Amino acid sequence: MKARFLAGLMGIVAMPLAAETPAPLPSTGFVDPSAETLTLQEEGNRRLTLPVMIDGSGPYAFLIDTGSQATAITHEIRSSLALAPAGTALLVGMASRREVDLASVARIDFGANSFTNFSAPVLAREHVGADGIIGLDALQDLRVLLDFRQQTITVEDTSTKNTSSGFEIIVRAHQKLGQLLITDALVEGVRTTVIIDTGAQASLGNNALRDRIKSKRASEITTTDVNGVDLVGQVAVVRSLVIEGLALTDVPLAFADTPAFAALGLEDKPVLSLGMQHLALFDRVAIDFGRQRVLFDVPRDVARAIRDAKRGNVINPRF
């Protein structure tokens, strides 16, 4: 059986190709990074977009992609706004590495947050599924809160606030190349690094993980990355995925080796990119880059089981 999904976006890396390539413009940081809640729009591919203004024009529908290192735009935006070229870069997608154009962007606004003076990779809209991507370069020191109950997203500066209230699971993460990595998750008892990838529809593990859990091939899946290149993987159902004592059971996962995992130095270690397919099982998910942690809010019956587990009454609440 073969299934096709629009690309998971994890691993966009814009790197200058050669000395003569103009370097990206330096970022001047954020303007007015106060909290604002925005209503999400759900795309047909089950990913979520929010309105973004570019140099005062828009709004445009952008994905917030916690798996992408770079904020990116489409060819249509570059043309309509006549953005100046900024050289070229090597873009690492899920299935490929490709040279892409860069465009100079003076400012983007999403809610009350702004990111200024940067060079954005220019991508094809049909491969992105939106007008652009808000990547990790624009999200550092902020928290992204996905509320699947209310279908909203909040992007805020949490440096002076206690923002863990209401979350049953709080996981410390390790930062690498701007991404937050959960390093103590278990997949069928195998310690696995987990990447929270809000830009991907499906979750994807590498072949090192598949080999460690001795997963058998069940079916074939094809995804198309941001460069328009297909990645063919194998899909199997794993018995458990455990994060901080909470176990997801009978989890369908795709498995394949990708340049994106290699770019993080994880090609030979068990790693899992957790996409919207499984993030949406939670009531809320917060990715707090400023405090380097990921927070999960679960349905009430699961929350009750977690509290019982902490008191020693139940082991590994599951859903």
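Reading guide: rules and limits
For every chain, the first residue of its written sequence is number 1, and the numbers climb from 1 along that sequence. Residues qualify for local features only when their pLDDT is at least 70, as the model is predicted, and side-chain atom pairs are given and counted only at 80 or more; totals for whole chains, interfaces and linings, by contrast, use all residues. The basis for every side-chain value is the complete set of non-hydrogen atoms in the structure, without hydrogens or water. By definition, any uninterrupted DSSP run of H or I lasting at least four residues is a helix, any uninterrupted run of E lasting at least two residues is a strand, and each is numbered from the N terminus. Under the scheme applied here, a residue whose accessible area is under 20% of the maximum for its type counts as buried, over 50% as exposed, and between as partly exposed, the area being computed with a 1.4 Å probe on protein chains only. The contact definition used throughout considers only heavy atoms, calling two residues in contact when any of these lie within 4.5 Å. To measure how exposed things are, a 1.4 Å probe is used in the Shrake-Rupley method; for residues, cover is taken only from the protein chains shown. Only buried Ala, Val, Leu, Ile, Met, Phe, Trp, Tyr and Cys residues count toward a nonpolar core, and they belong to the same one when joined by side-chain atoms within 4.5 Å. Should a side-chain nitrogen of Lys or Arg be within 4 Å of a carboxyl oxygen of Asp or Glu, the pair is scored as a salt bridge.

Some words on the overall build of the chain
Step number 1: A tally of regular secondary structure across the chain gives six helices and 24 strands.
Step number 2: Burial statistics for the chain: of 319 residues in total, 57% are counted as buried.
Step number 3: Long-range contacts, defined as pairs at least 24 residues apart, comprise 70% of the intrachain contacts of the chain with a sequence gap of at least 6.
Step number 4: For the chain, the accessible surface area stands at approximately 13100 Å², while carbon and sulfur atoms represent 49% of it.

Digging into the nonpolar core
Step number 1: In terms of nonpolar packing, the biggest core is built from 59 residues, with I54, I73, F110, I134, I196 and F296 touching the most fellow members.
Step number 2: Ranked by residues supplied to this core, first place goes to strand β21 (residues 246-255) with five residues.
Step number 3: V235, A254, L264 and L266 belong to the second-largest nonpolar core, a separate cluster that totals ten residues.

Regarding the pattern of salt bridges
Step number 1: Under the defined criterion, the tally for this structure stands at eleven salt bridges.
Step number 2: Here D283 ties to R149 by a salt bridge, and the two come within 3.7 Å at their closest N and O atoms. Within this pair, whereas D283 is found in the loop between α5 (276-279) and β23 (284-288), its partner R149 is found in the loop between β12 (143-147) and β13 (152-156), the two being separated by 134 residues in sequence.
Step number 3: D283 sits in the buried class, given a relative accessible area of 17%.

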